[in-house]
Amino acid sequence: MRIVSGIQPTGNLHLGNYLGAIRNWVAMQDEWTARGATCLYFLADLHAISMPHDPAGLGANTREMVAALVSCGIDPDRSILFNQAQVPAHAELQWLLNGTARMGWLNRMTQWKDKAGKNREGASVALFTYPVLQAADVLLYQATHVPVGEDQKQHLELARDIAQKFNNDFASEDAPVFTLPDPIIPPEAARIMSLRDGSAKMSKSDPSDMSRINLVDDADTIMQKVKKAKTDPEPLPSEAEGLEGRPEARNLVGIYATMAGTDVAGVLAQFGGQGFGQFKPALGDLLVSKLAPMAARYRELREDRAALDAILARGAEKARALAVPTLDAAYAALGLVR
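- With an unreviewed UniProt entry as reference, the chain is termed Tryptophan--tRNA ligase, source organism Novosphingobium pokkalii.
- According to UniProt, the comment filed for the chain under the heading Function (unreviewed entry) is "Catalyzes the attachment of tryptophan to tRNA(Trp)."
- The UniProt entry for the chain carries this comment under Sequence similarities (unreviewed entry): "Belongs to the class-I aminoacyl-tRNA synthetase family."

In C-alpha cells, the structure reads:
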C-alpha cells in the first residue's frame, strides 16, 4: 500500500492549518505505516507557480511548512517528506500524461473555472493543466490510496481516467503501467473560524493578528488571544441547538471539542450554563497544553535552514528512487528512446 498526499506551502501557519490539514496527515502516518504502508507527503511547490507568486516567499514558505509538519508529528524516518521541485519526475510524467489527457476533461474541472474566473484567457497554462500534474503526483508512485476532500474528488477521478486510458492505449491488460488509486475520505476537517468574527474562516490574510492562533505563538500570547476573543453576553447552552445564531460561541466550543478529542455535546455537558469568563481560561489552558510543545519545536526548527533542507533532500532521494520504475515504464510504453 502506498499513500500519497500533497499540500501547497503557505506561510504564517495557524490553528486552522493544523486542525484542517496537518493533524490528518499525522493521523494517517500513524495508522497506515503501522499497517505496512508507505506514506509519501510532498510540498506542492510546482503547483504553487500556476498562480502569481513571490519566488523568495515560496522558498521560505516551503521550509516553514516542513518545520510545521515535523513539529506537529510527521516523522521523516517513517514517512517520505519532500518537495516536488527536487523530484523532476513529477514534471516529466505530467508531460507524458498531457498526451493522454483531453481538453474536454480539463475544461470540466470546477477548480479551473473557479480560479480562472472570468478572465480565462489571462490564466496560465499551468493552472489549466494543474490536474494533470496532480495525476502525475500520485500515478508516479503507484499510489494505492489518496486522501481526498470534497473539493478534490473530481481531480482524483480525472487521475483514474488518465491512468485507465494510458493503460488501455499503451499497455497490455496483464501488465498495466499505472495503478488506479482509490480515495481515502479523511475525517471531516475542523472548520476553524476567526477569533474576531465567527462567520469568517481563520486566515493568515486577516490584518488582525488577534483573529488567529499562530503556530509560533507562546503560551502568554495564546491565553491573551483567547481571553480577548469575541463572544456574546449569554452563558453557554446545555444543548448544541442553543449555539444556533451564536457563531463566535459555536467556534470556541468547536475548537475546544476538536482539541480535546470530544464533540460539541460533550463540551456543553461540561460547561453548559457557565459564562465565557469560566470557559475561556479552560480553552486557553487546553490550547497551551496541546500547542506549546509543537510551537517550541516549530520556532526552533524553522530557524535551522540546514536541517530543513536536509530533511527535504533525504525525502527527495527516497522519492526519486521510487519514481524511477514508473517513469521508465511510461517512456517505454510510449516508444520514446532515452
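**Looking at the overall build of the chain**
Okay, step 1: Helix and strand content of the chain: 14 helices and 5 strands.
Okay, step 2: The C-alpha atoms of the chain give 22 Å as radius of gyration, which agrees with the globular expectation for 338 residues (20 Å, within 12%).
Okay, step 3: Each principal axis of the C-alpha atoms in the chain carries an extent, and together these give about 70 × 40 × 40 Å.
Okay, step 4: In the chain, which comprises 338 residues, the proportion classed as buried is 46%.
Okay, step 5: Residue pairs at least 24 apart in sequence account for 74% of intrachain contacts in the chain once pairs closer than 6 positions are excluded.
Okay, step 6: Surface exposure of the chain reaches about 15800 Å², of which carbon and sulfur atoms provide 52%.
Okay, step 7: Here the chain contributes 35 positively and 40 negatively charged side chains, and the mean placements of these two sets differ by 3 Å.

**What about the pairing of strand E1 (residues 2–7)?**
Okay, step 1: In this structure, E1 lies alongside strand E2 (residues 38–43), joined through 6 bridges in parallel fashion. Note that in E2 the partner of Ser-5 across the bridge is Tyr-41.
Okay, step 2: The β-α-β motif built from E1, the intervening helix H1 (residues 15–34) and the parallel element E2 has right-handed crossover chirality.

**Examining empty space enclosed by the protein**
Okay, step 1: As enumerated under the stated definition, the model contains 3 cavities of 30 Å³ or more in all.
Okay, step 2: Considered as a void within the structure, the largest cavity measures approximately 40 Å³ in volume.
Okay, step 3: As for the largest cavity, its lining consists of Gln-111, Trp-112, Lys-115, Leu-127, Tyr-130, Pro-131 and His-155.
Okay, step 4: Of the residues in the lining of the largest cavity, the class split is 4 nonpolar, 2 polar and 1 charged.

**Some points on the nonpolar core**
Okay, step 1: Leu-15, Tyr-18, Leu-81, Phe-279, Leu-287 and Leu-291 are the most contacted members of the largest nonpolar core, which has 59 residues in total.
Okay, step 2: With 10 residues, the top contributor of residues to this core is helix H13 (residues 276–302).
Okay, step 3: If you look at the next biggest cluster of nonpolar residues, it comprises 42 residues, including Val-4, Phe-128, Ala-159 and Ala-323.

**Thoughts on the pattern of salt bridges**
Okay, step 1: For the coordinates displayed, the defined rule picks out 14 salt bridges.
Okay, step 2: Residue Asp-309 pairs with Arg-63 through a salt bridge whose shortest N-O separation is 2.7 Å. Note that Asp-309 is positioned in helix H14 (residues 305–333) and Arg-63 in helix H3 (residues 55–72), a separation of 246 residues in sequence.
Okay, step 3: Residue Asp-309 is classed as partly exposed on the basis of its relative accessible area, which comes to 28%.
Okay, step 4: The network of salt bridges with shared partners includes Asp-209, Arg-212, Asp-217 and Lys-225.

**Some points on the UniProt feature "short sequence motif: 'HIGH' region" (unreviewed entry) in the chain**
Okay, step 1: What UniProt calls "short sequence motif: 'HIGH' region" (unreviewed entry) maps, in this numbering, to residues 9–17.
Okay, step 2: With 33% helix and 0% strand, residues 9–17 has end C-alpha atoms that lie 11 Å from one another.

**Regarding the pairing of strand E3 (residues 80–83)**
Okay, step 1: On E3, burial covers both faces: Ile-80 and Phe-82 on one face and Leu-81 and Asn-83 on the other are all buried.
Okay, step 2: Bridge count between E2 and E3: 4 bridges; the pairing is parallel. Counted as the bridge partner of Leu-40 is Ile-80 from E3.

**Regarding the UniProt feature "binding site: L-tryptophan" (unreviewed entry) in the chain**
Okay, step 1: Following the UniProt record, the feature "binding site: L-tryptophan" (unreviewed entry) maps to Asp-137 here.
Okay, step 2: When neighbours within four sequence positions are excluded, Asp-137 is seen to be in contact with Val-4, Phe-42, His-47, Gln-84 and His-90.

Definitions and limits used
- Residues numbered from 1 in each chain as written.
- Predicted model: local features only at pLDDT ≥ 70, side-chain atom pairs only at ≥ 80, totals over all residues.
- Heavy atoms only, no water.
- UniProt positions renumbered as here; feature names shortened; annotations may be inferred.
- Helix = DSSP H or I, 4+ residues; strand = E, 2+ residues; numbered from the N terminus.
- Rg over C-alpha atoms; globule rule 2.2 N^0.38 Å.
- Buried < 20%, exposed > 50% of the residue type's maximum accessible area, 1.4 Å probe, protein only.
- Contact = heavy atoms within 4.5 Å.
- Areas by Shrake-Rupley, 256 points an atom, 1.4 Å probe, with all protein chains shown as cover.
- Lys, Arg positive; Asp, Glu negative; His and termini not counted.
- Charge placed at Lys NZ, Arg CZ, Asp CG, Glu CD.
- Pairing = 2+ DSSP bridges.
- Right-handed = clockwise from strand over helix to strand, strands pointing away.
- 1 Å grid on protein atoms, 1.4 Å probe; cavity = no way out; pocket = protein on both sides within 12 Å on 5 of 7 lines; lining within 4 Å.
- Points joined across faces, edges and corners; volume = space filled by probe spheres on them.
- Nonpolar A, V, L, I, M, F, W, Y, C, P; charged D, E, K, R; others polar.
- Core = buried A, V, L, I, M, F, W, Y, C linked by side-chain atoms within 4.5 Å.
- Salt bridge = Lys/Arg side-chain N within 4 Å of Asp/Glu carboxyl O.

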